[in-house]
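One letter stands for each residue in the lines below.
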Amino acid sequence: MNACVFYRLEKFDDTYIDSINTLLSQLSSSAIRMTEERLKEIVESDSSELYLMKHDEEVIGMFTLGMYVSPTGRKCWLEDVVIDSRFRGKSLGKSLMIKVFGLLEKKGNVTLMLTSKPARLAANKLYQSSGLKKKETNVYIKSFD
């Protein structure tokens, strides 16, 4: 397989909405569909960076970096990590993690955090083999619609 390229979506481009929705449907059955408004909000945000993984101009993966500063330091959440099911098992997840680490090394002085369901065996194995340490904590969630 030829090398993949990563592309940060820095300005609104609706041609990616269908590809993003395809990936989101593979990530979660309850994922909220990407809309023009939501994509505009993401690319215009100072705290979010959406990256698309492309192979031969086809979007085959994505991830989001969400960054903020708190009293305990600069933090970055890795979110919505997904590789198209047709391209899994080709070490693309490792390439994705190398890209993430490179981006954060350039930013410097930041702590990377992410969550992953225990049932996502391949993803959890990837994160552990990439040097991330499992943190014993509880994650709580409440939505405000």
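Higher on the page you've got the structure.
On a predicted model such as this, the values are computed, not experimentally measured, just so you know. (Residues numbered from 1 in each chain as written. Predicted model: local features only at pLDDT ≥ 70, side-chain atom pairs only at ≥ 80, totals over all residues. Heavy atoms only, no water.)

J.: I would appreciate a short explanation of the pattern of salt bridges in the present structure.
T.: Where charged atoms from two side chains of opposite charge come close, those side chains can pair. For the structure shown, the criterion picks out five salt bridges. Its salt-bridge partner being E57, residue K54 comes within 3.6 Å of it at the nearest N-O pair. Residue E57 is classed as exposed on the basis of its relative accessible area of 64%. Of the charged contacts in the structure, one is a salt bridge between R86 and D84, with a shortest N-O distance of 3.0 Å. Shared partners join several salt bridges into a network, and the residues in it are R8, E49 and K107. (Salt bridge = Lys/Arg side-chain N within 4 Å of Asp/Glu carboxyl O. Buried < 20%, exposed > 50% of the residue type's maximum accessible area, 1.4 Å probe, protein only.)

J.: How should the packing of aromatic side chains be read in this particular structure?
T.: Aromatic ring pairs are described here by two measures, namely the spacing of the ring centres and the angle between the planes. Considering all chains together, one arrives at three aromatic pairs under this definition. Taking the centre distance of 5.9 Å and the plane angle of 40 degrees together, the rings of Y7 and Y16 count as tilted. The partly exposed category is assigned to Y7, whose relative accessible area is 32%. On the basis of relative accessibility, which here comes to 11%, the residue Y16 falls in the buried class. Look at Y51 and F63: their rings are 4.9 Å apart centre to centre, the planes differ by 10 degrees, and that puts the pair in the stacked class. (Phe/Tyr/Trp six-rings, centres within 6.5 Å; stacked < 30°, edge-to-face > 60°.)

J.: Which parts of the structure should I look at to understand the side chain of N21?
T.: Mapped onto the elements, N21 comes out in helix α1 (residues 17-27). Owing to a relative accessible area of 6%, N21 belongs among the buried residues under this scheme. What N21 contacts, discounting residues up to four positions off in sequence, is R33 and M34. (Helix = DSSP H or I, 4+ residues; strand = E, 2+ residues; numbered from the N terminus. Contact = heavy atoms within 4.5 Å.)

J.: Help me out: how do you make sense of the nonpolar core in this one?
T.: A general tendency of soluble globular proteins is for nonpolar side chains to be buried together. Judged by nonpolar contacts, the single largest core of 23 residues is most densely connected at F63, L65, L78, L96 and Y127. Secondary-structure elements contributing two or more residues to this core are β2 (48-55), β3 (58-70), β4 (73-83), α3 (92-107) and α4 (121-129). At six residues, the largest contribution of residues to this core is made by α3. Residues contacting F63, with those up to four places away along its chain left out, are F6, E49, L50, Y51, L78, E79, D80, V81, L96, K99, V100 and L103. Counting 15 residues, the second largest nonpolar core, distinct from the first, contains L27, L39, V43 and L52. (Core = buried A, V, L, I, M, F, W, Y, C linked by side-chain atoms within 4.5 Å.)

J.: When you look at the sheet that holds β3 in this model, what are you seeing that I'm missing?
T.: Backbone-to-backbone hydrogen bonds join strands into a sheet, with any given pair of strands oriented parallel or antiparallel. Taken in spatial order, the five strands line up as β1-β2-β3-β4-β5 in an open sheet, and their pairing is mixed. Either end of the sheet is taken by a strand with one partner, and the two such strands are β1 (5-8) and β5 (111-113). Neighbouring strand axes in the sheet, compared pairwise and without regard to direction, differ in orientation by 25 degrees on average. Alignment of β4 against β5, held across three bridges, turns out to be parallel. Directly across from K75, in β5, lies its bridge partner T111. (Pairing = 2+ DSSP bridges. Axes fitted to C-alpha atoms, helices over the stretch in contact; angles between N-to-C directions.)

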